[in-house]
Amino acid sequence: MWVSKVIFFIYLSTSCTAQEEALPVPNMHLQSSWFEVFPDELVKLRCNINSKDWTITWYKDEQEVQPSDSSVILSEDSQSLTLNAVAQSQSGKYSCKGNSKTNASVSTARSNALQITVHDTPTLTLSKNPTPNSMYVGETVIFTCDVPRLVGWTYKWYKDDADIGRTGPTLTIVLELSNGGNYSCKALREDRVVPLSSKKITQAVNDIPVPEVKLRSSWTDVFKNEKVILGCETGSTDWRFLWFRNGQPLTGDDSLKITGEEGSTLQIVSASLSHMGPYTCKAQHKSRTVNSTLSQPLVILVYETTPKPKLTKEQQYNPMYVGETVQFICSVDVASGWRFKFFKDEREITVSDSSISIQLSLSDDGKYSCKGMRGEHTNTDSSDEITVTVLEVPLPKVTPLTSWRDVFPTETVELGCEASSAPQDWTYQWQKDDKMDHQISSVSFDSDGAKLSISSASASHQGNYRCKATLKSRSIITSFSARHTLSVYDQKPQPTLVQDPDYSILFPREPMRFHCHINVSSGWSFVWYQNNKELQPRQGTYEVTSPDTTHSGSYTCKGKRGKTHSFSTPISQVKQVEIRKDIPAPVLSQQPDVDKVYLGELVMFKCNLNISSDWEYHWLKNGQPLSVFSNAYTIGSATHQQSGDYKCKAKRRKTLFETESLPKVINISDIPIPSVNNLTSWLDVFPTETVKLHCGMQNGASDWIYTWSKDGQPIKHEDNMKIDKNGSLLTILSSVSHTGEYSCMAKHRKRPVSSTYSSGIRLEVYVAKPSVELVQDPDFTIFYTEDPVTFSCGVNVSSGWEYLWFKDNHIISQSAPSHTIAHAYTSHTGGYSCMAKRGKGGTVFQTDNSRSVKIEVKERPSASIELLTGWSEVFSTDSLVLKCETEDSHDWNFEWFKGGKKIEQLLSEMHTITPQNDPDQSEYMCQGNRTGRPSYTKRSEPLKTNNLLLKRRVLLSISGCLVFGLCAVFLGCIVLKVCHKPAVDQEKPEEVDLFLTRAELSKHAPNPLIEYVTDEDLKEIAKDADEKGTISCESTLLPITSKEDEATPSESNITTGNGEMVSFKQ
């Protein structure tokens, strides 16, 4: 039994050397620029493991990153992670680890963690210095663009949304008029998708204003001691001013004061000859270094002496009589602005600009002179005197001594004639109808003829009476007096009732006024009646300023005169009046009755008020009166200025009573111009391709119908050019004849309004379908696996193409203009072609297929490493010799790789490894290169050299021990078999089978060398086995790759050809 345990243990020690290889540690690094980012920036992370046998799992703050997360993008091999920064919640520590592709339970340790911080979107601040939005030509302004957090920003500058080609955080401009506009900036940094945009700052640039000198006093030509005030003006309060005379700067003194806001006023307090000359001014900005040019000069002239005035009299005769007019003129030959004082007998009588006229009376007799004056301080001496003598010539006057000039028969009439001054010095003479007094019958006169009496009037006394006077002491005769008419009637007069205004219907606040007239005589009083009831007033007018409905009714009147013997006239005719309670409003109508009127349209307003009469109409626009006074107002051809609020006002011509209509508001707009839009995506098309053009108004499109033109000629509906019902859609099935410029116009459906033609849109139609060109890069027909190849498909005309790709006439992809095979496989062998298309839905246009390009993909030759150091040499050398071989041995140069890195200057097919050049016992690979195709081979499988010589020595020693032990056991069993006396069959114990089967060994055989082989040796052996082959508990494979190592164990019956232990018992 113990023998079987020994054999089982030996078997386990040699065939079940399960060990665990040291796992790689992934290394993570940042491929983008920043650990701290803002929204819309990208973060690229890379996780490196020096093997292709691992898949990568990513973590954020110990939580696994899911590939379904829309904010991350994983590369095809999952070794690269791209993070699209969106929110602060994406901040955290990112790490990765590897998972074995062959053993799901095996994974690496976590990589180093990288802290990624996502900040809030920063604010891009734009400022300028100086700050005023309005500046002048020649000033310097500095704009500053700043992101307050982090670094790495680049800046671009814009004016009126256009890139001005300037970069950097500041923009300095020496201003010109063309620099006015809206300035903004944008900030961008590496890996950022969307730039930051600043607010806009408006910079206005104006010419420096030229000041103007203005005269604020009265004259530019002055006399000594007069005051002169000049003002310097720019139209703004932002300036201070400097003054100049004869080009020399001025400062204030006792006679010259500079006052006003910031020196805007120059005051010459008391003019002298030294103040004469041209005056100019210049403006300086209060807060900025901006200076204007000099103003235009204003010349001040100072006279040395004051002149003497001259007085003239228009009438050349003297004396004069009362009632005559005399005119004096006073003048000065120099300067202007004079006013004059006129004197009579050295006493001031009036002040005038230049002349006075006097209607003479006796008091006007005397000596006249004048003086000139100007301002507060300038006065001339007196002129020479002119003497005027005034005499009065009286005019007699006829005065009725009784009350009336027109009388009835038998009434007494007395007339008097008198002069205005000293009537006792005059005698009088009378005339009636140009007959002298002695020819007048039935009249009497007093002694001087001053009184004419008619004791009993009759028709013969009717006529015109006048008188004249003769000066008793002198032969001066006056003119006849004015005629006095005496009328004698033979019957009673009939009073006439007049209504003013003569309206039978009146409204509130409209006055009611009646006049009662008797066309003959005078001295009448009147009696008034309403509805036959007497009213109180006795005057000739009856008036109610604000009547109401109680004043409606019939009105009459009659006349009376005389006190002792009164006389009354008959009753007048009747006037009927109605007083309305409500105020009517005129009705305003408009044609067309719309709020929006287009330029050039005819608009007619009518205003009607059908109640009562005598209306006149007034029109108002926006509350301002128009010079139209009829009940119709017409806008013949509407303009923008005629937009507004229109009302009409009805007004009584006599009472001025008025009432307004409700307003009508019209807006007069430009006739809109339709726009043509291409509903397809391109305007250069090919035969049979469908094009849709749309014509429409921006607003109210349904109110219009549309017509189309091509190259200025109208388009009609036909098979290949279809126009919809209202003309807004033009559908063209293209042919070469349809090339041209298309435009449209609109006509209003209900009004005579037509737009102009829209801007044209040009359609180009090619003669034939475009050809599709297929280009292959590189241009080989035979490729090897892993080779890249790119096919490019192009159409050399028009745009908007999408592409379909075919392999062996089967579609493989669409949309992209190129098809790239990054790593070719043999399955990519075949013929490739493409086709272009564009359009959507039922308007898709396709080209013909391109030519077909055929490629063939062959397997790339592989390299392999052969270990030339054999088992027999393990005790005589410390080095290993490796050889790189290829399937095709022609013209290859070889590269060697140690630990994944190329060994420089080593191009031999042989490579020797010693403890000196490989103290870490690394992993080796090789690859063949040459100038022909294929230019390189696949890299060989890696070879691990960890303690390979020691392992071989240990294995050889163990194998020797095994052989020796098995031989000793075998011989001992034979001796025991021969020397031992067999027992009787019934008593013979069960024979122990010393040669166990393989399955029995795996269950029971102990390993006698277990105490001599350490765990570290087992791990190293297992690791080497993983590099060279597979050692498992089921079949233990020795890491032998050389031919010598494979041949050595075949000579013994202990192992199989592949190094596997076998049982003696098959």
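Nothing here was measured: the structure is a model prediction, and the numbers come from that model.

(A) Summary view of the overall build of the chain. The helix and strand inventory of the chain stands at five helices and 89 strands. Sorting the 1066 residues of the chain into buried and exposed places 40% on the buried side. For the chain, the exposed surface amounts to about 58600 Å²; the carbon and sulfur share of it is 50%.

(B) Focus on the state of the cysteines. Under the definition given, this model contains 10 disulfides. One disulfide in the model links Cys330 with Cys370; its S-S distance is 2.0 Å. On the sign convention where negative is left-handed, the bridge of Cys330 and Cys370, at about 70° about the S-S bond, is right-handed. Placement of Cys330 in strand β30 (residues 325–331) and of Cys370 in strand β34 (residues 366–374) is noted, with a sequence separation of 40 residues between them. On the accessibility criterion, Cys330 (2% relative accessible area) is buried. Classification of Cys370 by relative accessible area gives buried; the value is 0%. Sulfur-sulfur distance for the disulfide between Cys516 and Cys557 comes to 1.9 Å. Across the S-S bond linking Cys516 and Cys557, the dihedral sits near 80°, which makes this disulfide right-handed. With Cys516 in strand β49 (residues 512–517) and Cys557 in strand β53 (residues 553–561), the pair connects residues that are 41 residues apart, well separated along the chain. Residue Cys516 shares its accessibility class with Cys557, and that shared class is buried.

(C) Up close: the side chain of Glu226. Positionally, Glu226 belongs in the loop between β20 (221–223) and β21 (228–233). On the basis of relative accessibility, which here comes to 3%, the residue Glu226 falls in the buried class. Only 2.7 Å separates the side chain of Glu226 from the side chain of Arg374, close enough to count as a polar contact. Apart from the residues lying within four places of it in its own chain, the contact partners of Glu226 are Trp219, Ile268, Val269, Ser270, Ala271, Arg374 and Thr378.

(D) Spotlight on unusual backbone geometry. Cis geometry marks the peptide bond from Asn129 to Pro130, where omega comes out at 0°. Inspection of the secondary structure puts Pro130 in the loop between β10 (125–129) and β11 (134–136). Cis geometry marks the peptide bond from Asp500 to Pro501, where omega comes out at 0°. Tracing the chain through its elements places Pro501 in the loop between β47 (496–499) and β48 (505–506). A positive phi angle, near 75°, is found at Asn225, a position not held by glycine. Among the structural elements, Asn225 can be located in the loop between β20 and β21.

(E) Seen up close, the sheet that holds β10. As summarised here, the arrangement of the three strands in space is β10-β12-β15, forming an open sheet in which the pairing is antiparallel. In this open sheet, the two edge strands, each paired with only one partner strand, are β10 and β15 (170–174). Sheet twist, expressed as the average angle between the axes of neighbouring strands with direction ignored, equals 15°. As paired strands, β10 and strand β12 (residues 140–146) are joined by five bridges and run antiparallel to one another. Among the inter-strand pairings, Thr125 is bridged to a residue of β12, identified as Asp146.

(F) Focus on the nonpolar core. In terms of nonpolar packing, the biggest core is built from 23 residues, with Leu693, Trp708, Leu730, Ile732 and Tyr742 touching the most fellow members. Sorting the residues of this core by element identifies β67 (690–696), β68 (704–710), β70 (721–723), β71 (729–733), β72 (740–748) and β73 (761–765) as the ones contributing at least two each. Residues contacting Leu730, with those up to four places away along its chain left out, are Val691, Lys692, Leu693, Trp708, Ile715, Met721, Lys722, Ile723 and Tyr742.

(G) Fine view of the pairing of strand β87 (residues 910–913). Alternating positions in β87 separate cleanly, His911 and Ile913 being buried on one face and Met910 and Thr912 remaining unburied on the opposite face. With four bridges joining them, strand β84 (residues 880–886) and β87 adopt antiparallel strand pairing. Each bridged residue has a counterpart across the sheet, and for Leu882 the counterpart in β87 is His911.

(H) Up close: the sheet that holds strand β7 (residues 80–84). The antiparallel open sheet is built from four strands, whose spatial order is β1-β3-β7-β6. The outermost strands of the open sheet, each flanked by one partner alone, are β1 (27–30) and β6 (72–74). In this sheet, neighbouring strand axes are inclined to one another by 20° on average, regardless of whether the strands run parallel or antiparallel.

(I) The pattern of salt bridges, seen in detail. Summed over the entire model, instances satisfying the criterion amount to 39 salt bridges. Between Glu262 and Arg240 there is a salt bridge; the shortest N-O distance is 3.9 Å. Of this pair, Glu262 sits in the loop between β24 (256–259) and β25 (265–268) while Arg240 is found in strand β22 (residues 239–245), placing the two residues 22 residues apart along the sequence. Judged by relative accessible area, Arg240 falls into the partly exposed class, the value being 32%. Where Lys883 meets Glu885, a salt bridge forms, and the shortest distance between an N and an O atom there is 3.7 Å. Glu885 sits in the partly exposed class, given a relative accessible area of 29%. Linked through salt bridges whose partners overlap, the residues forming this network are Arg240, Glu261, Glu262 and Lys286.

(J) Layout of the confidence of the model for the chain. On average, residues of the chain carry a pLDDT of 82, and 87% of them reach 70 or more. Contacts for the low-pLDDT stretch residues 984–989, under 50 throughout, to residues beyond four places or in other chains number one contact. Note on residues 1021–1066: pLDDT is under 50 here. Beyond four places in sequence and across chains, it has 96 contacts.

(K) Region of the structure containing the packing of aromatic side chains. For the structure shown, the criterion picks out 25 aromatic pairs. Summarising the aromatic geometry, the rings of Phe328 and Tyr368 are spaced 4.7 Å apart at their centres and angled 25° between planes, so their arrangement reads as stacked. Within this pair, whereas Phe328 is found in strand β30, its partner Tyr368 is found in strand β34, the two being separated by 40 residues in sequence. When sorted by exposure, Phe328 lands in the same class as Tyr368, which is buried. Taking the ring centre of Trp615 as reference, the NZ or CZ of Arg652 above it sits at 4.6 Å.

(L) Spatial organisation of the environment of Phe408. With respect to the helices, strands and loops of the structure, Phe408 is situated in the loop between β39 (406–407) and β40 (413–418). With 48 residues separating them along the chain, Phe408 and Ser456 place their C-alpha atoms 9.8 Å apart.

(M) Spotlight on the pairing of strand β83 (residues 863–867). Within β83, four of the five residues are buried, which leaves the element mostly enclosed by the surrounding structure. The sheet contact formed by β83 and β84 spans five bridges and is antiparallel. Along β84, the bridge assignment pairs Ala863 with Thr886.

(N) Structural context of the environment of Tyr617. On the secondary structure map, Tyr617 appears in strand β59 (residues 615–621). Here Tyr617 falls in the buried class, since its relative accessible area comes to 10%. In this structure the C-alpha to C-alpha distance between Tyr617 and Arg653, which are 36 residues apart in sequence, comes to 9.5 Å. Filtering out sequence-adjacent residues up to four positions away, Tyr617 remains in contact with Cys607, Asn608, Leu609, Val628, Phe629, Ser630, Asn631, Lys649 and Ala650. Reaching out from Tyr617, the side chain makes a polar contact with the backbone nitrogen of Leu609 at a distance of 3.2 Å.

(O) Here's a closer look at the side chain of His285. For His285, the location among the structural elements is in strand β26 (residues 277–285). Within polar-contact distance, the side chain of His285 engages the backbone nitrogen of Ser287 at 3.2 Å. Sequence-distant contacts of His285, defined by excluding residues within four places in its chain, comprise Tyr136, Asp238, Trp239, Arg240 and Val290.

(P) The arrangement of the environment of Lys468 in detail. As for its position among the elements, Lys468 is in strand β45 (residues 463–471). When the C-alpha atoms of Lys468 and Cys417 are compared, they prove to be 8.0 Å apart, with 51 residues separating the residues in sequence. Ignoring sequence-local partners within four residues, the contact set of Lys468 consists of Pro396, Thr427, Tyr428, Gln429, Ile477, Thr478, Ser479 and Phe480.

Reading the values: the criteria
Residues numbered from 1 in each chain as written. Predicted model: local features only at pLDDT ≥ 70, side-chain atom pairs only at ≥ 80, totals over all residues. Heavy atoms only, no water. Helix = DSSP H or I, 4+ residues; strand = E, 2+ residues; numbered from the N terminus. Buried < 20%, exposed > 50% of the residue type's maximum accessible area, 1.4 Å probe, protein only. Areas by Shrake-Rupley, 256 points an atom, 1.4 Å probe, with all protein chains shown as cover. Disulfide = S-S within 2.5 Å. Polar contact = N/O pair within 3.5 Å; in protein donor to acceptor, adjacent residues only side chain to side chain. Contact = heavy atoms within 4.5 Å. Pairing = 2+ DSSP bridges. Axes fitted to C-alpha atoms, helices over the stretch in contact; angles between N-to-C directions. Core = buried A, V, L, I, M, F, W, Y, C linked by side-chain atoms within 4.5 Å. Salt bridge = Lys/Arg side-chain N within 4 Å of Asp/Glu carboxyl O. pLDDT = per-residue confidence, 0-100. Phe/Tyr/Trp six-rings, centres within 6.5 Å; stacked < 30°, edge-to-face > 60°. Lys NZ or Arg CZ within 6 Å of the ring centre and 35° of its normal.

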